[in-house]
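# Observations on the three-dimensional arrangement
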Amino acid sequence: MSAISNWRQPGAILLLSCYEQGHQPFHLASLSAILQQDGFAPHAVDTAIDTLSDEAIQQARFIAISVPMHTALRLGEAVARRVRSVNPGAFICLYGLYALLNANHLLQGTIDAAIGGEYEEPLLRLVQACEQGQDTAIPGVHTREHVSGAWITRTPFLVPQRHQLPTLDRYARLQWGDDLRIVGYTESTRGCKHTCLHCPVTPVYQGRFFAIPQQIVLADIRAQVEQGARHITFGDPDFWNGPTHAIRIARALHAEFPEVTFDATIKIEHLLKHASLLPEMRELGCVFIVSAVESLNNTALLRLDKGHTAADVRRAFALTREADIVLRPSLLPFSPWETLESYIELLDFFEQQHAIEHLDPVHLSIRLLIPPGSALLAQEESQNWLRDLDAENYTYRWQHPDPRMDELHERVSAIVAQGENCQADSSETFFNVKAQALAMLGQDFSPAQALSAYGPRDILPHLTESWFC
């Protein structure tokens, strides 16, 4: 089967997603909107849910693959290789944070272009250029012939078009005891005004962020509620980059859909600075907040430029509990600055706070990723532990000053994976990890006794799919 001759016929443009943390792929819906407005008829497939047929690949003239995170890029590059083998003449573009950061490697092989930052407008211009047989040297589009940085200019935001995507009931749910809720996903801002050194947003956006108009966000939520959503995840890097904008959206959401709950990602620093907003957030339907705690080792937090301390984390837990909002931390416990002792202290904190239920066990195993362009590469101190670029795995290698930590990471990763595979209780996995960490110090520890002493587990709201970076 040959490719469709008319670029504006359905299927001539194929949009693919491989992984968006268990939610309906926003990055396909947003790109679909701007392409459709210009008269194109893209076909969208979420390969995490549906089968990508050879027929769809063969028909396409232009194939765009969304890679907003590391896991998505790993899957996306594999899909790109399949696309190239099935349809050698197709133009393949990867777009998202990790596409641009790894462009030099990706362009050596399968793909033709990489786009990062605000991707919609550059990608539309790229499609238009390909349609007309014109030069693809377009600002924001990195090709073999044309090197370009990220396109960091306000996008002409449109309401995402989701009608081609799998229904929301095929994605992760909000689980709270026996209550299971269909979940929608949207974003109220792009980028981030903070520049945490390990974050992939930093080298692309460099401290800039854009607020998406309230009417666009609410229209997107409205469309998902019509599909059955009873909970909304705000996937902004930080919902409180613009706290006034965020609270207005939350108020409007609650006014129109008072039974719909939501969650958001908010920095520890912002939780403390704007703590007065937390009670209202709860009244408006916020049931949990994700925050990049990363570590309780102050040296690690300083080296990452996180903007908070271990004491701030403890205060944030107290404030959110007082407001009856669950704080769900993301962690980065394996970095060059973490120690075996501080790792155990991190585990002790969650045990003593009776907060093990707040954790997805995978976060006990997360190891620092250093993609090309990372702000960490400019730190003189990094030369002590940094090794060569592992381009095929999209990260620089690094070696911990204490070999025990690298060994512990391997063991913890295996424990967490085994727990995931057999759907073990998260507390059981937690104490198995703690037993392994203490064993590295030659200390005995009984996970069964610790689990018994911990007592009844709290029933907390959470999404049914653990997310990965």
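These notes cover the structure that comes with them.

About the thresholds
Residues numbered from 1 in each chain as written. Predicted model: local features only at pLDDT ≥ 70, side-chain atom pairs only at ≥ 80, totals over all residues. Heavy atoms only, no water. Helix = DSSP H or I, 4+ residues; strand = E, 2+ residues; numbered from the N terminus. Buried < 20%, exposed > 50% of the residue type's maximum accessible area, 1.4 Å probe, protein only. Polar contact = N/O pair within 3.5 Å; in protein donor to acceptor, adjacent residues only side chain to side chain. Core = buried A, V, L, I, M, F, W, Y, C linked by side-chain atoms within 4.5 Å. Contact = heavy atoms within 4.5 Å. Phe/Tyr/Trp six-rings, centres within 6.5 Å; stacked < 30°, edge-to-face > 60°. Salt bridge = Lys/Arg side-chain N within 4 Å of Asp/Glu carboxyl O. Pairing = 2+ DSSP bridges. Expected span 1.5 Å × (residues − 1). Right-handed = clockwise from strand over helix to strand, strands pointing away.

### A short note on the side chain of Asp 402
Following the sequence through the fold, Asp 402 ends up in the loop between β16 (395-398) and α15 (403-421). We classify Asp 402 as buried; its relative accessible area is 19%. A polar side-chain atom of Asp 402 sits 2.9 Å from a polar atom in the side chain of Arg 404.

### Observations concerning the nonpolar core
Core analysis: the biggest nonpolar cluster contains 120 residues, and Ile 65, Leu 94, Phe 234, Phe 262, Tyr 343 and Phe 350 have the highest contact counts within it. Broken down by element, the residue count for this core peaks at seven residues, all from helix α14 (residues 340-352). Discounting chain neighbours no more than four positions away, the residues touching Phe 234 are Thr 186, Val 217, Ile 221, Phe 239, Ile 249, Leu 253, Phe 262, Asp 263, Ala 264 and Thr 265. By size, the runner-up hydrophobic cluster in this structure holds 27 residues, among which are Leu 15, Ala 29, Phe 62 and Phe 91.

### Some remarks on unusual backbone geometry
Phi at Gln 21 takes a positive value of approximately 60°, unusual for a residue other than glycine. With respect to the secondary-structure elements, Gln 21 resides in the loop between β1 (13-17) and α1 (26-37). We note that His 354 has phi near 50°; this positive angle belongs to a residue other than glycine. Looking at the secondary structure, you find His 354 in the loop between α14 and β15 (386-390). On the basis of relative accessibility, which here comes to 22%, the residue His 354 falls in the partly exposed class.

### What to know about the packing of aromatic side chains
This structure, assessed with the given rule, holds 15 aromatic pairs. On the numbers, 5.2 Å between centres and 90° between planes, the contact of Phe 430 with Phe 431 is edge-to-face. A relative accessible area of 0% means that Phe 431 is categorised as buried. Here Phe 431 and Tyr 454 contribute two aromatic rings whose centre-to-centre distance is 6.0 Å and whose plane-to-plane angle is 70°, an arrangement assigned as edge-to-face. Of the two residues, Phe 431 sits in helix α16 (residues 426-439) while Tyr 454 sits in helix α17 (residues 447-454), which places them 23 residues apart along the sequence. Each member of the pair, Phe 431 as well as Tyr 454, is classed as buried.

### Structural notes on the pattern of salt bridges
Under the defined criterion, the tally for this structure stands at 27 salt bridges. For Arg 181, the salt bridge is made with Asp 179, and the minimal N-O distance between the two is 3.4 Å. Here Glu 256 ties to Arg 222 by a salt bridge, and the two come within 2.6 Å at their closest N and O atoms. Taken together, the residues Glu 256 in helix α9 (residues 243-256) and Arg 222 in helix α8 (residues 214-226) connect sequence positions 34 residues apart.

### Let's talk about the sheet that holds strand β11 (residues 231-234)
Taken together, seven strands build an open sheet; the order of strands is β14-β13-β12-β11-β8-β7-β17 and the sheet is mixed. The open sheet has two edge strands, β14 (326-331) and β17 (462-463), and neither has a second partner. Bridge count for strand β8 (residues 179-186) against β11 is four bridges, and the pairing is parallel. Residue Val 183 lies in a different strand from β11, and its bridge partner there is His 231.

### Considering α16
For the α-helix, the turn length of 3.6 residues means that residues three or four positions removed from each other point alike. The first and last C-alpha atoms of α16 sit 20 Å apart over 14 residues, in line with the 20 Å expected at 1.5 Å per residue. Buried residues dominate α16, accounting for 10 of its 14 residues. Restricting attention to buried positions, one finds in α16 the residues Ser 427, Thr 429, Phe 430, Phe 431, Val 433, Lys 434, Ala 435, Gln 436, Ala 437 and Leu 438. Looking at the buried residues of α16, the elements they touch are α14, α15 and α17.

### Concerning the pairing of strand β4 (residues 91-95)
Most of β4 sits inside the fold, with five of its five residues counted as buried. Residues Phe 91, Cys 93 and Tyr 95 of β4 are buried on one face, and the alternating residues Ile 92 and Leu 94, pointing to the opposite face, are buried as well. Handedness of the crossover joining strand β3 (residues 62-66) and β4 through helix α3 (residues 70-86) is recorded here as right-handed. The sheet contact formed by β4 and strand β5 (residues 113-115) spans three bridges and is parallel. Each bridged residue has a counterpart across the sheet, and for Tyr 95 the counterpart in β5 is Ile 115.

### So, α14
Over its 13 residues, α14 extends 18 Å from the first C-alpha to the last, a length consistent with the 18 Å expected when each residue adds 1.5 Å. Along α14, the residues classified as buried are Leu 340, Ser 342, Tyr 343, Ile 344, Leu 346, Leu 347, Phe 349 and Phe 350. Buried-residue contacts for α14 involve α13 (310-322), β14, α15, α16 and α17. His 354 sits one or two residues past α14 and shows a positive phi near 50°.

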